[in-house]
There are 2 protein chains.
Amino acid sequence: MKKVGVAILGLGVVGGGTYKILTDNKEFFKKTQGLDVTVETVLEKNVERAVSLGIDKNAVASSIEEVVSNPNVDIVVEVIGGIEPARTFVLKALMSGKTVVTSNKELFAKHWSELEEAAKKMNAGLFFEASCVGGVPIIRTLQDGMQANKILSIKGIINGTTNYILTKMANQGWSYEEALKEAQRLGYAEFNPTADVEGFDATYKLSILSSLAFHTKISVDSVHREGITAITKEDILYGKELGYTLKLLGIGKNTPAGIEVRVHPTFVSNSNPLASVNDSFNAVHLVGDAVGEIMLYGRGAGALPTGSAIVSDVIFAAKHTDYYYTCFKNTDDGVKETKFVSDFTSQYFIRLAVKDAPGVLSKIAGVFAKHNVSIKEVKQVAGIDGKVPVVIITHECPESAVNKALAKIEALETVYSIDSIIRLED
Amino acid sequence: MKKVGVAILGLGVVGGGTYKILTDNKEFFKKTQGLDVTVETVLEKNVERAVSLGIDKNAVASSIEEVVSNPNVDIVVEVIGGIEPARTFVLKALMSGKTVVTSNKELFAKHWSELEEAAKKMNAGLFFEASCVGGVPIIRTLQDGMQANKILSIKGIINGTTNYILTKMANQGWSYEEALKEAQRLGYAEFNPTADVEGFDATYKLSILSSLAFHTKISVDSVHREGITAITKEDILYGKELGYTLKLLGIGKNTPAGIEVRVHPTFVSNSNPLASVNDSFNAVHLVGDAVGEIMLYGRGAGALPTGSAIVSDVIFAAKHTDYYYTCFKNTDDGVKETKFVSDFTSQYFIRLAVKDAPGVLSKIAGVFAKHNVSIKEVKQVAGIDGKVPVVIITHECPESAVNKALAKIEALETVYSIDSIIRLED
């Protein structure tokens, strides 16, 4: 039976989950995969944490050099997160000819080319299923399940923390602050929640997923990013009344005009399968030119779901010796030529406060019409003190047209304020 | 650039879709996969059909021998369907050392071992993603995305024809016959719809999927099968009122008592993501011990979706020369030892017609209680002529207990008839 030696760098949540699966299912992998997988060593400063997981303290390495020089180690699992020291460790492992499996989305999104080059040079494997959408095999699907397709769009709920917060705001009527506090209490959100709530985490993932989907490197910087911190209960409530649910979406579109990549709060129609993806669940919806619509749904984070992706990569790497790399190898020119669209085409949900007076709506509609922004739906709600909240939903139009129209509308004497502009998908 | 020669056996719907993708996306595959894929030959009696697709008539082979002796053919795509001559053709291709990609669920479900043996012997590849759930990469997910997991259950809407019929019965109030007729008109159902509506097609797919999920060969014969022909509008209506949607599910469960595999109409709670999979869409819901819940959703049939799966297999086969086969190779003993459960544990939806008289429900409840069948919900509807329809939903219990209780209940003087017994999943 083929022996596979694994080293785990970092025994945090995901490292612990990975260790648990590899040890709990060791006999199962012998029987079902014909592989005898052993965790040979771990790199973790907190030796007590290692021992508490059942790891012999002699198996705790004291340096990355000790790990990569260990001849029993075939595969190095990096689950430290962040750029350094993860980047240095992964490069050392690859340059020693070890295959690397990582869950590190930030590292992968920012240093993919450097890592891939090292892997190719040394004929080492480089696997990163766990970097996006936890246990959902989205990378494998893009690489090995949908290669027949030109992928037209990818739309995903790819951050569990923000989905939990938005679900609670919608279903419990909580404010953003209340929902964030509960997410922190449950361990879904960090003490400093910036990476999640400002959309950085989703941006790293969208950079990776859209690079694979569109066969060209989409850098983190080319992704337009907006978080959920400015979202109010009122937006969610008005959206709900009109049949829309608010989600933080990562959206990638490959259009004749170029590629659009953006992370921002988005209303989705309740008939869209993404609308019913709740709490910390994630989902990715893809459209391919041959296969049409596909959606994958599951847990985007957590010790065992992310560990599942890591261990699936370990097994895949152990069974395939003819590594192949990403889709960029034949498209170096393509990367330089990639055109990006910044004037997004979308539908918009616009909330304004207007004067309770006759003719206000007709004046607003007139301004939109002049800018070729066509209106799909208008809803006016009973106001207080002569201030009336109005929600307008537009048909698809360029963002520049909406912004020009809104600048004119804001200047109208009968308009008090433009309170929100949120993109919308059917 | 690596050249890949493909032969297509059969130019029906899926064969035509496969040809279209391979030719339309030829330049795209050169650029993104580094593969120059060419359809070298086709085997199709109807030469005009081939020519109408744009195939040179000299490229139409006159026999399987001509195909398998063609040195330019690396991969043989079999999309004829049925057992013969598909089985003979596939075996000849494999024995000539050609890699085979097939969409043939019946052939694969019934002759898997024979095909796998031939492939192994000749070191040829054998790929069958297109045999189950069209363009949805469910086989790849089971083989390469969830291997870290002991899979506990698989539940799927894996037949588009019956899902279309049940969706129309639920949403339009049509009878089974009306919905079937419309499905036939649209080409979703065959003139002879037996394979779909009696659950044979779903049984083949569940046999393949549960074999992969549970790492042991699950023969077609071990799958309990019930179709949808006895389903009435009334069942669907009463279910709807109680918050359930009727689906034809393929269900596989791996329990300590053994494996359960069954295809039958099932009510699913509206909060279950399978409930909102409508029309001809398919979906598969999986639970793994590490990853938890996962669901894959997409088109289960059609020229391009199924063609997408075929072509993805072709590309995968062309890039991986270290073929691996299924999970059975280390579990030959396991196959013989597999225990099956026939006394299923489930919740039940039971519809009866009872006399409009006091004490009837209490008598029925008493019989259930005596057989340890616990009742979750009872709904009584206004009846006519003294006959009252009653719907009872049970908690989980063994089927044998329900059947024994119902035999007693049927004999009660106050019970006219037991009209339906339908299994139910939350």
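What you see is a predicted model; the values in this text were computed from it and never measured. (Residues numbered from 1 in each chain as written. Chains lettered and ligands numbered in written order. Predicted model: local features only at pLDDT ≥ 70, side-chain atom pairs only at ≥ 80, totals over all residues. Heavy atoms only, no water.)

Caption draft 1: Fine view of the overall build of chain A. From N to C terminus, chain A includes 16 helices and 17 strands. For a compact globule of 426 residues, the expected C-alpha radius of gyration is about 22 Å, and chain A comes in at 24 Å, within 12% of that figure. Across its three principal directions, the C-alpha atoms of chain A cover 80 × 45 × 35 Å. Taking all 426 residues of chain A together, the buried fraction comes to 60%. Partitioning the contacts of chain A with sequence separation of at least 6, the portion at a separation of at least 24 is 74%. Of the roughly 16,400 Å² of accessible surface on chain A, a fraction of 50% belongs to carbon and sulfur atoms. (Helix = DSSP H or I, 4+ residues; strand = E, 2+ residues; numbered from the N terminus. Rg over C-alpha atoms; globule rule 2.2 N^0.38 Å. Buried < 20%, exposed > 50% of the residue type's maximum accessible area, 1.4 Å probe, protein only. Contact = heavy atoms within 4.5 Å. Areas by Shrake-Rupley, 256 points an atom, 1.4 Å probe, with all protein chains shown as cover.)

Caption draft 2: Main features of the pattern of salt bridges. Residue and element names in this part refer to chain A. Under the counting rule described, the total for this entry stands at 46 salt bridges over all chains. A salt bridge links Arg87 to Glu114; the nearest nitrogen and oxygen atoms lie 2.9 Å apart. Of this pair, Arg87 sits in helix H5 (residues 86-95) while Glu114 sits in helix H6 (residues 105-122), and the two are 27 residues apart along the sequence. For Glu114, a relative accessible area of 28% gives the class partly exposed. (Salt bridge = Lys/Arg side-chain N within 4 Å of Asp/Glu carboxyl O.)

Caption draft 3: Quick peek at the relation of the copies chain B and chain A. Laying chain B over chain A is done by rotating through 180 degrees and shifting 0.0 Å along the axis; what remains is an RMSD of 0.0 Å. Interpreted geometrically, this transformation is the action of a two-fold axis. Residues of chain B ranked by C-alpha distance from the rotation axis are headed by B:Leu296, positioned 2.3 Å from it. A shared interface surface links the copies, since 100% of the contact residues of chain B are contact residues in chain A too. (Least-squares fit on C-alpha atoms with pLDDT ≥ 70 in both.)

Caption draft 4: Structural context of the sheet that holds strand E6 (residues 126-127) of chain B. Residue and element names in this part refer to chain B. The sheet built from six strands is open, its strands ordered E3-E2-E1-E4-E5-E6 with parallel pairing. Edge positions in the sheet fall to strand E3 (60-61) and E6, since each of these pairs with one other strand and no more. Bridge count for strand E5 (residues 99-102) against E6 is two bridges, and the pairing is parallel. The partner of Val101 across the bridge, within E6, is Phe127. (Pairing = 2+ DSSP bridges.)

Caption draft 5: Summary view of unusual backbone geometry. Residue A:Pro85 is reached from A:Glu84 by a cis peptide bond, and omega for that bond is 5 degrees. You can see A:Pro85 is positioned in the loop between strand E4 (75-78) and H5. Unlike most non-glycine residues, A:Asn123 shows phi in positive territory, near 55 degrees. Its identity as a non-glycine residue notwithstanding, B:Asn372 has a phi of 60 degrees, on the positive side. Relative to the helices and strands, B:Asn372 is located in the loop between helix H15 (360-370) and strand E14 (375-380).

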